[in-house]
Protein chains: 2
Amino acid sequence: MDVEDTKYNNTKELILDAAEALLQDRGFNAFSYHHIAQQLGVKNAAIHYHFTSKTDLGTTLIRRFRQRFRDYTRTLERENAGPVSKLECYFAIPASYLQNGRKICPLGVLEAEFNAIPEPMQLESRLLDKEMRDWLAGVLDDGRSQGVFNFEGSIVDKTLVVVAALQGVLQIARVAGPQIFSVTVRQIKRELGVLEKAV
Amino acid sequence: MDVEDTKYNNTKELILDAAEALLQDRGFNAFSYHHIAQQLGVKNAAIHYHFTSKTDLGTTLIRRFRQRFRDYTRTLERENAGPVSKLECYFAIPASYLQNGRKICPLGVLEAEFNAIPEPMQLESRLLDKEMRDWLAGVLDDGRSQGVFNFEGSIVDKTLVVVAALQGVLQIARVAGPQIFSVTVRQIKRELGVLEKAV
DNA sequence: AAACTTACCTACTTATCAGTAAGTTCAGAA
DNA sequence: TTCTGAACTTACTGATAAGTAGGTAAGTTT
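Here we summarise the structure given alongside this text. (Residues numbered from 1 in each chain as written. Chains lettered and ligands numbered in written order. Predicted model: local features only at pLDDT ≥ 70, side-chain atom pairs only at ≥ 80, totals over all residues. Heavy atoms only, no water.)

### Details of the protein's contact with DNA strand D
Then, number 1: Surrounding DNA strand D, one finds 17 residues, the nearest of these being A:S32, A:K54, B:T11, B:K43 and B:Y49.
Then, number 2: Atoms of DNA strand D within 4 Å of the protein: sugar and phosphate make up 76%, bases the balance.
Then, number 3: Between DNA strand D and the protein, one listed contact pairs a phosphate oxygen with a backbone N or O atom of A:K54 at 2.8 Å.
Then, number 4: The contact in question runs from a phosphate oxygen of DNA strand D to an N or O atom on the side chain of B:H50, over 3.3 Å. (Near = heavy atom within 4 Å. Polar contact = N/O pair within 3.5 Å; in protein donor to acceptor, adjacent residues only side chain to side chain.)

As structure tokens, this is what we get:
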């Protein structure tokens, strides 16, 4: 028989969902157990039943991001998605963050608060960054080899600019308005040589 | 006679200096009056003497960033700096943040914590963003007109990508190491058509 | 049906936070 | 020499944080 999950309810997942939204909305140090508890209609101690500490909650959260990204890319692989399609899917991630309440990249939050989060979360953050950036580098490499992308500079350099720009623009959208996002994505695509259509 | 500053000591400025470093290191919600007080060898209440509230301290801090940027650009104007020179000076700002203890852009911090900072600070953040981005847009516009820059897309679009990429890469440097910064700046320059030398 | 586990809750502790009220020190003006 | 105000300190408050001890109802296993 399957241990956990199937038994009883899914409060644990609901806690993670609430924590995830709060993390991307306010940051790790600006949300409390009380925020989550109130939202779920449970008491503070219920969260401690599922997660021994806030550090535990935080690291579990990042591991879930990592797993989700792995699942996502694996699905794209199964579907034999090409580089252009993969790139579009990559852009769709921050786009959904923006739409769903002006959230920002989890990595952006964690990096901004990096010196004020527990070490286990710092380690998980490093892994998440590496995995995402390595994957995108692979996509850009394939795309250039196949001639569907056309850009200057090395794969690593270009990947950094794309990742950094997307992370940055989500944050800037909070002070400058959400409309700057699509504008920036358009420019990024242009500079990847992937946009042949009009401006 | 000059009011304030000349009289007595400069604790107020020292408080702002400490708060500024803490902001860019840990974020607004992750530093306390105690951090500052301990660092300066004064008591908690001494900070409250100079700043009525943490909100007051925060807004003063952002206003100081704004003033500093205005002074900086005004100096460049007086020196008749060209677009390339101005761009180099703009890159020098995040470069100094990185060198001085892996700090990140103040705006990046404020945007990441945007939904967890007081409204007066949100307003000041908007102004800081607008002023900096408008200035850079002017530089890119001049540079393109003068033929020293060569890039695709509109001025606004390009400015956003440059600003977002710089803000993002400072944050990513925390998990990926400081060496990625110069690499990214090199790529940004390349894509501004300002780098004629070898890769 | 007894024994055990899950999934909580109530009630608490300890620590830290921003903020305040009232008193102290001391330089310089009157 | 007294007085005034700037620049603090001491000693506190109330709020909120994460975390814990112990209890309980309902479901599961044996």
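From this point on, the discussion continues.
### Quick look at the relation of the copies chain B and chain A
What connects the two chain copies is a rotation about an axis and a shift along it.
Then, number 1: Superposing chain B onto chain A requires a rotation of 180 degrees together with a translation of 0.0 Å along the rotation axis, leaving an RMSD of 0.0 Å. On this basis, the relationship between the two copies can be described by a two-fold rotation axis. Relative to the rotation axis, the closest C-alpha in chain B is found at B:A165, a distance of 1.9 Å. (Least-squares fit on C-alpha atoms with pLDDT ≥ 70 in both.)

### Re the packing of aromatic side chains
All names here are of chain A.
Then, number 1: In this structure the tally under the stated criterion is six aromatic pairs over all chains.
Then, number 2: When the centroid spacing of 5.5 Å and the interplanar angle of 90 degrees are considered together, the rings of F69 and W135 count as edge-to-face. You can see F69 sitting in helix 4 (residues 54-78) and its partner W135 sitting in helix 7 (residues 119-145), a full 66 residues away along the chain.
Then, number 3: Taking relative accessible area as the criterion, F69 reaches 8% and is therefore assigned buried. (Phe/Tyr/Trp six-rings, centres within 6.5 Å; stacked < 30°, edge-to-face > 60°. Helix = DSSP H or I, 4+ residues; strand = E, 2+ residues; numbered from the N terminus. Buried < 20%, exposed > 50% of the residue type's maximum accessible area, 1.4 Å probe, protein only.)

### Focus: unusual backbone geometry
Phi is mostly negative for residues that are not glycine, and the peptide bonds are mostly trans.
Residues and elements named next belong to chain A.
Then, number 1: Unlike most non-glycine residues, N80 shows phi in positive territory, near 55 degrees.
Then, number 2: Structurally, the position occupied by N80 is in the loop between helix 4 and helix 5 (83-99).
Then, number 3: N80 sits in the exposed class, given a relative accessible area of 70%.
Then, number 4: In this structure, R102 is a non-glycine residue whose phi angle is positive, near 50 degrees.
Then, number 5: Along the chain, R102 turns up in the loop between helix 5 and helix 6 (106-112).

### What about the nonpolar core?
Then, number 1: Membership of the largest hydrophobic core comes to 130 residues, with the highest contact counts inside it found for A:I36 and B:I36.
Then, number 2: What A:I36 contacts, discounting residues up to four positions off in sequence, is A:I15, A:A18, A:A19, A:L22, A:F31, A:I47 and A:L57. (Core = buried A, V, L, I, M, F, W, Y, C linked by side-chain atoms within 4.5 Å. Contact = heavy atoms within 4.5 Å.)

### Points about the layout of surface pockets
Residues and elements named next belong to chain A.
Then, number 1: For the largest pocket, the calculated volume is near 550 Å³.
Then, number 2: Listing elements by their share of the lining of the largest pocket, those giving two or more residues are helix 1 (11-26), helix 4, helix 5, helix 6, helix 7 and helix 8 (155-176).
Then, number 3: Take the lining of the largest pocket: its biggest share by element is five residues, from helix 5.
Then, number 4: Its residues assigned to classes, the lining of the largest pocket shows 16 nonpolar, four polar and six charged. (1 Å grid on protein atoms, 1.4 Å probe; cavity = no way out; pocket = protein on both sides within 12 Å on 5 of 7 lines; lining within 4 Å. Points joined across faces, edges and corners; volume = space filled by probe spheres on them. Nonpolar A, V, L, I, M, F, W, Y, C, P; charged D, E, K, R; others polar.)

### A closer look at helix 5 of chain A
Residue and element names in this part refer to chain A.
Then, number 1: If you check helix 5, its first and last C-alpha atoms are 24 Å apart, about what 17 residues at 1.5 Å a residue would give, namely 24 Å.
Then, number 2: Taken as a whole, helix 5 has its buried residues at P83, K86, L87, C89, Y90, F91, I93, P94, Y97 and L98.
Then, number 3: Here the buried face of helix 5 lies against helix 1, helix 4, helix 6, helix 7, helix 8 and helix 9 (179-190).
Then, number 4: Looking one or two residues past helix 5, G101 carries a phi angle of roughly 95 degrees, positive in sign. (Expected span 1.5 Å × (residues − 1).)

### A short note on the environment of A:Y33
Residues and elements named next belong to chain A.
Then, number 1: As for its position among the elements, Y33 is in helix 2 (residues 33-40).
Then, number 2: A residue is classified by how much of its surface remains accessible, and Y33, at 9% relative accessible area, is buried.
Then, number 3: A sequence separation of 14 residues divides Y33 from I47, and the C-alpha atoms of the two residues are 7.1 Å apart.
Then, number 4: Those residues within four positions of Y33 in sequence are excluded, and the remaining contacts are N44, I47, H48, F51, S53 and K54.
Then, number 5: Side-chain polar atoms of Y33 contact the backbone oxygen of S53, separated by 3.3 Å.

### Observations concerning the interface of chain B and chain A
You'll often see interface size given as the accessible area lost when the parts meet.
Then, number 1: Each partner contributes to the interface: chain B provides 42 residues, whereas chain A provides 42 residues.
Then, number 2: With both chains or domains summed, chain B and chain A bury close to 3,800 Å², and 58% of this area falls on carbon and sulfur atoms.
Then, number 3: The tally of links between chain B and chain A comes to six salt bridges.
Then, number 4: At the boundary of chain B with chain A, the tally comes to 23 residue pairs in polar contact (both at pLDDT 80 or more).
Then, number 5: Of all the secondary-structure elements, those providing two or more residues to the side of chain B that touches chain A are helix 1 (11-26), helix 6 (106-112), helix 7 (119-145), helix 8 (155-176) and helix 9 (179-190) of chain B.
Then, number 6: The leading source of residues in the side of chain B that touches chain A is helix 8 of chain B, at 15 residues.
Then, number 7: Taken together, the residues that form the side of chain B that touches chain A break down as 17 nonpolar, eleven polar and 14 charged. (Buried area = accessible area lost by both parts, 1.4 Å probe. Salt bridge = Lys/Arg side-chain N within 4 Å of Asp/Glu carboxyl O.)

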